[in-house]
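So you can see what is in the structure, the chains are spelled out below.
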Amino acid sequence: MNFEGKTAIVTGASAGIGRATATMLAQNGCNVVLVDIDQKNLEAICKENEKCSGKSVFFECDISDENAVNEVVKKTEMLFGKIDILANMAGIPGPSARAEDYSFEDFKKVYSINVFGTFLTMKYCLPIMQKNHKGAIVNTCSCSGMRGYQLEIGYGSSKFAVMGMTMNAANENGGNGVRINCYAPGWVDTGMLDSILDQYEKETGVKTAKNELRNGTMSRPSTPEEMAAVVCFLLSDEASYVNGANFVCDGGKTLG
């Protein structure tokens, strides 16, 4: 995959799939704008990417803040003259709790990042891509946005919303050179998974190892790099006829 001369915004870039995606894009020649609330990690990633041919910069930004998102998009266009790629990797799991025990504040917080943040970055990047008649956006769905799993009313329903927004926006674009897709991981070996397992243990009293999860046919969680490879494919010219898709990459978790 060749991203030479292209410019990407990657949200959630400080860790996990976001970090792996930002690194993979940079290694393939892309100018990468890293967006997250963790400035220290963003600085470290930019330093790591210095040896790559593309330029890496970062902006500390809460993507649930409309003004902040608008500013990041404006600054990116000023720096690079265009935005070719948006990789919406930012997301939070929220608590693991039954619907009746889930607080409204927690529910709103999950939606503020997973749904409203994804909406805002698309909203402000799309006009620039449309103006240039070219662009690719990948949003983060999940197996939890395809099935109704226990203790996931916040996270799961937010991912259903992400898949819906992706398909809505893809239907409005596509013909103008802008493609919009999402991908649906299963369990991924990240800090988020560690947090979820801790919450499950507190809620159920049962400690679960990563290899004991319902991982699907692969019998293990994926690595962030395996997911980044899927994201980068969907963002690349090799996926030029893919629009409005939810690319399931769950190791077969949803087969059972």
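A.B. asks: Can you tell me about the nonpolar core, naming the residues and giving the values?
C.D. replies: If you look at the biggest cluster of nonpolar residues, it comprises 32 residues, and the most contacted ones within it are V10, L25, V32, L34, M89, Y183 and L235. For this core, the elements supplying multiple residues, two or more each, are β1 (7-11), α1 (16-27), β2 (31-36), α2 (39-48), β4 (85-88), β5 (135-140) and α7 (224-235). Among the elements that make up this core, the one with the highest residue count is α7 (7 residues). Not counting residues within four places of it along the chain, the set of residues in contact with V10 comprises G18, A22, L25, V32, V33, L34, V35, A87 and M89. Residues F59, I63, V73 and A169 belong to the second largest nonpolar core, which totals 31 residues.

A.B. asks: Got a sec to walk through the side chain of K159? Specific residues and values, please.
C.D. replies: Topologically, K159 is positioned in helix α5 (residues 153-172). Buried and unpaired, K159 has E152 as its nearest opposite-charge partner, separated by 10 Å. In this structure, K159 is in contact with N114, T140, C141, S142, S144 and G145, ignoring residues within four places of it in sequence.

A.B. asks: Give me the environment of I37: which residues, what numbers.
C.D. replies: Position of I37 relative to the elements: it lies in the loop between β2 and α2. As for I37 and M146, which are separated by 109 residues in sequence, their C-alpha atoms are 28 Å apart. Beyond its immediate stretch of four places on either side in the chain, I37 contacts E60, C61 and D62.

A.B. asks: So, the side chain of T190: which residues are in play, and what are the values?
C.D. replies: Its location among the elements puts T190 in the loop between β6 (178-185) and α6 (191-204). Dropping the residues within four chain positions of it, T190 is found in contact with G16 and P224.

A.B. asks: Requested: an account of α2, with residues and values cited.
C.D. replies: For α2, the full list of buried residues reads L42, I45 and C46. Down the axis of α2, the smallest arc covering the buried residues is 100 degrees, so these residues share one side. Pointing more than 90 degrees away from the buried face of α2 are the exposed residues K40 and K47. On its buried face, α2 is in contact with α1, β2 and β3 (56-60).

How each quantity is defined
- Residues numbered from 1 in each chain as written.
- Predicted model: local features only at pLDDT ≥ 70, side-chain atom pairs only at ≥ 80, totals over all residues.
- Heavy atoms only, no water.
- Core = buried A, V, L, I, M, F, W, Y, C linked by side-chain atoms within 4.5 Å.
- Buried < 20%, exposed > 50% of the residue type's maximum accessible area, 1.4 Å probe, protein only.
- Helix = DSSP H or I, 4+ residues; strand = E, 2+ residues; numbered from the N terminus.
- Contact = heavy atoms within 4.5 Å.
- Lys, Arg positive; Asp, Glu negative; His and termini not counted.
- Salt bridge = Lys/Arg side-chain N within 4 Å of Asp/Glu carboxyl O.
- Arc of directions from axis to C-beta.

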